[in-house]
Amino acid sequence: MKIYNTLSRKEDEFVPIEKGKVKMYCCGPTVYDYIHIGNLRTFIFYDILRRVFEHFGYEVEQVINLTDVDDKIIKNSRERKLSREEYTGAYTRFFFEDIEKVRIKPATVYPKATDNIDKMVEIIDVLLEKGFAYKTEDGIYYDISKFKDYGKLSGVKAGEGMSRIKADEYDKLAASDFALWKFWDESDGDIFWDKGIEKGRPGWHIECSAMSNRFLGDTIDIHSGAVDLIFPHHENEIAQSEAYTGKKFVNYWVHAEHLLVDGRKMSKSLHNFYTLRDLERLGFDPVSFRLMCLDTNYREKLNFTMDSLRRYEKTLNDINVSFKLLQKLEETDDSSIDGSIDESYSKFESALADNLNIPSALSQFFKLIEEANRCIAKGRVGKAEKRQLIGRLNDMNGILDILDKEEAGQEISRLAEERRKLRMKLDWSRADELRREVEEKGYSIVDMEGGDYVLVKRRRYISQG
Ligand SMILES: [Zn+2]
């Protein structure tokens, strides 16, 4: 399998450190607010990355960290008179709710930065001892001039007359010595750790070096994040980790591109800023957003528009209607198996192995849905062909995860069955009443030839004909 490696600047054949295993670290959210749909695009990519390796038989250990202490968290929690734990605890819960709605499989572990302070202090001690770090009056800094490989990931070089940066967020153009540990001052209130070095708190970059090392070891297979983390965050992680262990930190650096809204960078001031909750309030199914993300290559910018989301919602609905109808379709004894089904599946797998070309893989899924639609139009399907189509669509869905999971409950099924009987008695008006009742309960009834029907999840932007 090939994957684009930011470090080598080309597609590399993936060779794991340990046969059959992948050690993967993905930079997680800072839990100071709701995550926005740009963040969510990255997290959906992590999910796909992990599922593709699992699909090819690897056992994946995936670590996604939660940054639960930084400048903004301290400022916001103090302003709201909440403890750091209360404040970040709430947004951590919202994060888990959001990722579940877009069907992200849980990572192996979600370590919190504040549960790993000991490891950070241990690394900082070693960096001080080895001469890669120095103390000032306000903190402990990393001396990037001491790390000769600085810039190997991003191409940003350490220059002359280095400045020092204490803040977690700063101008991303110039290389600077960065804070490993920030000494306490009054603005931090009661948020500090007293762990053998002067009381204070960690800088952002050291958190990921520490958690990656603690959970996955000195050298890992894959480290992933959005492209804006390449510099300085990932460059600084390399400097810290490789100076600490004396070994290569990461074999494959994998970065996902940004999401734009209406062709522009998403920002609150441009009023084009959305969270998943905003999309839900507008009536969208979160899985439509997942489908939209799958349909753009991870190395390309995704341009989000409401119109395109509506189209994906419609596509998602159509796919699910077809899949349901296929399952109920009358079988014939005709056992001819169409060779194109296997061909589509093998193209699907090749696309996955080709640097996760998910849009191309998705197009093979759509091809099989078209195949299903042809059978539906004919009103019947060969038994073997049906089994094969359903099997392959389910296999593909193991990566894509866009088919409806939940079945209509007993009450809805009873109403739909009642309606069918009324239609047989040609009692259209009462049948229509029951149809509306089913719709109010979140399902649509799609009628088949001969009076049979299927129930599919109702989506707001779709009107059933
Ligand atoms: Zn990170």
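Everything numeric in this text was worked out from a predicted model, so none of it was measured.

Engineer: Mind showing me how you'd approach the overall build of the chain here?
Structural biologist: Within the chain, the regular secondary structure consists of 14 helices and 18 strands. Dimensions along the principal axes, computed over C-alpha positions, put the chain at roughly 85 × 50 × 35 Å. Looking at the chain residue by residue over its 465 residues, the buried ones come to 54%. Counting only carbon and sulfur atoms, one obtains 47% of the accessible surface of the chain, whose full area is about 21000 Å².

Engineer: What is the right way to read the packing of aromatic side chains from this model?
Structural biologist: How two aromatic rings sit relative to each other is given by the distance of their centres and the angle of their planes. All chains considered together, the criterion is met by 23 aromatic pairs. Ring geometry for Phe43 against Tyr46: centres 5.7 Å apart, planes inclined by 50 degrees, an arrangement best described as tilted. Of the two residues, Phe43 and Tyr46 are both situated in helix H1 (residues 37-55); the distance of 3 residues between them amounts to about one turn of the helix. Residue classification places Phe43 among the buried residues on the basis of a relative accessible area of 7%.

Engineer: Got a minute to help me understand the pattern of salt bridges in this structure?
Structural biologist: As a working rule, side chains carrying opposite charge can pair if their charged atoms are close by. Under the criterion given, the structure shown has 48 salt bridges. Its salt-bridge partner being Glu257, residue Lys301 comes within 3.7 Å of it at the nearest N-O pair. With Lys301 in the loop between helix H8 (286-294) and strand S14 (302-304) and Glu257 in the loop between strand S11 (250-256) and strand S12 (259-261), the pair connects residues that are 44 residues apart, well separated along the chain. Where Glu411 meets Arg414, a salt bridge forms, and the shortest distance between an N and an O atom there is 3.5 Å. With a gap of 3 residues between them, Glu411 and Arg414 both fall in helix H13 (residues 410-424), about one helical turn apart.

Engineer: Just checking my understanding: could you explain the sheet that holds strand S13 (residues 264-265) for this structure?
Structural biologist: For sheets, the rule is that strands pair by backbone hydrogen bonds, running either parallel or antiparallel. Ordered by their spatial adjacency, 3 strands build an open sheet running S13-S12-S14, and the pairing between neighbours is mixed. The open sheet has two edge strands with one neighbour each: S13 and S14. Two strands pair when backbone bridges link them, and S12 and S14 are joined in this way by 3 bridges, in the parallel orientation. Directly across from Leu259, in S14, lies its bridge partner Leu302.

Engineer: So what exactly am I meant to see when it comes to the pairing of strand S4 (residues 59-64) here?
Structural biologist: Remember that side chains alternate between the two faces of the sheet whenever the strand is regular. Strand direction decides the pairing type here: strand S3 (residues 21-26) and S4, joined by 6 bridges, are parallel. Considered in S4, the bridge of Met24 is made with Gln62. With respect to chirality, the unit in which S3 leads through H1 into the neighbouring parallel S4 is right-handed.

Engineer: Which parts of the structure should I look at to understand the nonpolar core?
Structural biologist: One broad rule of soluble globular proteins: the nonpolar side chains tend to lie buried together. Membership of the largest hydrophobic core comes to 126 residues, with the highest contact counts inside it found for Phe53, Tyr142, Leu279, Phe289, Phe304 and Ile402. The greatest single-element share of this core, amounting to 10 residues, is contributed by H1. Residues contacting Phe304, with those up to four places away along its chain left out, are Ile37, Leu259, Leu260, Val261, Asp262, Tyr274, Leu279, Phe289, Met292 and Leu309. Ala408, Ala416, Ala431 and Leu455 belong to the second largest nonpolar core, which has 12 residues in total.

Engineer: I keep staring at unusual backbone geometry and nothing clicks. Help me out?
Structural biologist: In terms of backbone geometry, most residues other than glycine have negative phi values and most peptide bonds are trans. With an omega of 0 degrees, the peptide bond running from Phe231 to Pro232 counts as cis. Mapped onto the elements of the fold, Pro232 is located in helix H6 (residues 230-245). Despite not being glycine, Asp401 shows a phi value in the positive range, around 50 degrees. Relative to the helices and strands, Asp401 is located in the loop between helix H12 (383-400) and H13.

Engineer: How should I be thinking about the environment of Gly246 in this particular structure?
Structural biologist: Relative to the helices and strands, Gly246 is located in the loop between H6 and S11. Beyond its immediate stretch of four places on either side in the chain, Gly246 contacts Lys130 and Ser241.

Engineer: How do you make sense of helix H4 (residues 117-129) when you look at a structure like this?
Structural biologist: The periodicity of an α-helix, 3.6 residues per turn, causes residues three or four positions apart to be oriented the same way. With 13 residues, H4 should reach 18 Å at 1.5 Å per residue; the first-to-last C-alpha distance of 18 Å fits that figure. Those residues of H4 lying buried are Ile117, Lys119, Met120, Val121, Ile123, Ile124 and Leu127. Of the residues one or two after H4, Gly131 is the one with positive phi, at around 85 degrees.

Engineer: When you look at the domain arrangement of the chain in this model, what are you seeing that I'm missing?
Structural biologist: Accessible area lost upon the coming together of the parts is a frequently used measure of interface size. On domain assignment, one finds that the chain holds domain 1 (2-256), domain 2 (270-400) and domain 3 (410-457). Facing the 8 residues of domain 2 at the interface are 8 residues of domain 3. With both sides pooled, the region where domain 2 packs onto domain 3 buries about 720 Å², and carbon together with sulfur makes up 64% of that total. When residues of domain 2 are sorted by the area they lose upon contact with domain 3, Lys324, Leu325 and Lys328 head the list and together hold 59% of the total. Here domain 2 and domain 3 share 2 salt bridges between them. Counting the contacts that link domain 2 with domain 3 gives 4 residue pairs in polar contact (both at pLDDT 80 or more).

Engineer: Got a minute to help me understand the packing of H1 against H8 in this structure?
Structural biologist: Packed helices, taken two at a time, are described by the angle their axes make and the gap between the axes. Contact geometry for H1 and H8: axes closest at 10 Å, N-to-C directions at 70 degrees. Relative to H8, the element H1 is oriented roughly perpendicular. The residues of H8 that touch H1, namely those facing Ile37, Leu40, Arg41, Ile44, Asp47, Ile48 and Arg51, are Phe289, Arg290, Cys293 and Leu294. Considering only residue class, the contact of H1 with H8 consists of 7 nonpolar, no polar and 4 charged.

Criteria and thresholds
Residue numbers restart at each chain and count upward from 1, following the sequence in its written direction. The predicted origin of the model limits local features to residues at a pLDDT of at least 70 and limits the giving and counting of side-chain atom pairs to 80 or more, whereas totals for whole chains, interfaces and linings rest on all residues. Each side-chain value is worked out from all heavy atoms of the structure, with water and hydrogens disregarded. Secondary structure is summarised from DSSP: a helix means a run of H or I of at least four residues, a strand means a run of E of at least two, and numbering begins at the N terminus for each. Throughout this description, buried means an accessible area under 20% of the type-specific maximum (1.4 Å probe, protein chains only), exposed means over 50%, and partly exposed covers the range between. Under the convention used here, a 1.4 Å probe and the Shrake-Rupley method define accessible areas, while residue burial counts only the protein chains that appear. Geometry of aromatic contacts follows a simple scheme: Phe, Tyr and Trp rings, the Trp one being its six-membered ring, pair when their centres are within 6.5 Å, and the pair is stacked under 30 degrees between planes, edge-to-face over 60, tilted otherwise. Put simply, a salt bridge is a Lys or Arg side-chain nitrogen that is within 4 Å of an Asp or Glu carboxyl oxygen. Any two strands with at least two DSSP-identified bridges between them are counted as paired. By convention, a crossover is right-handed whenever its connection, traced from the first strand over the helix to the second and viewed with the strands pointing away, goes clockwise. What makes a nonpolar core is a set of buried Ala, Val, Leu, Ile, Met, Phe, Trp, Tyr and Cys residues whose side-chain atoms join them at distances within 4.5 Å. Note on contacts: a residue pair is in contact if any heavy atoms of the two residues lie within 4.5 Å. To estimate the expected span of a helix, count its residues, drop one, and scale the result by 1.5 Å. An automatic or database domain assignment supplies the start and end points of every domain. Using a 1.4 Å probe, buried area is obtained as the accessible area two parts lose upon being combined, added over both of them. A 3.5 Å cut-off defines polar contacts: any pair of N or O atoms within that distance qualifies, except that in protein one atom must be a possible hydrogen donor and the other a possible acceptor, and neighbouring residues in sequence count only when both atoms are side-chain atoms. In this analysis an axis means a line fitted to C-alpha atoms, helices contributing only their contacting stretch, and an angle means the value between N-to-C directions, from 0 to 180 degrees. By the definition adopted for this analysis, an angle is roughly parallel if under 35 degrees, roughly antiparallel if over 145, roughly perpendicular if from 65 to 115, and oblique otherwise. The nonpolar class holds Ala, Val, Leu, Ile, Met, Phe, Trp, Tyr, Cys and Pro. Asp, Glu, Lys and Arg form the charged class, and all remaining residues, Gly among them, are polar.

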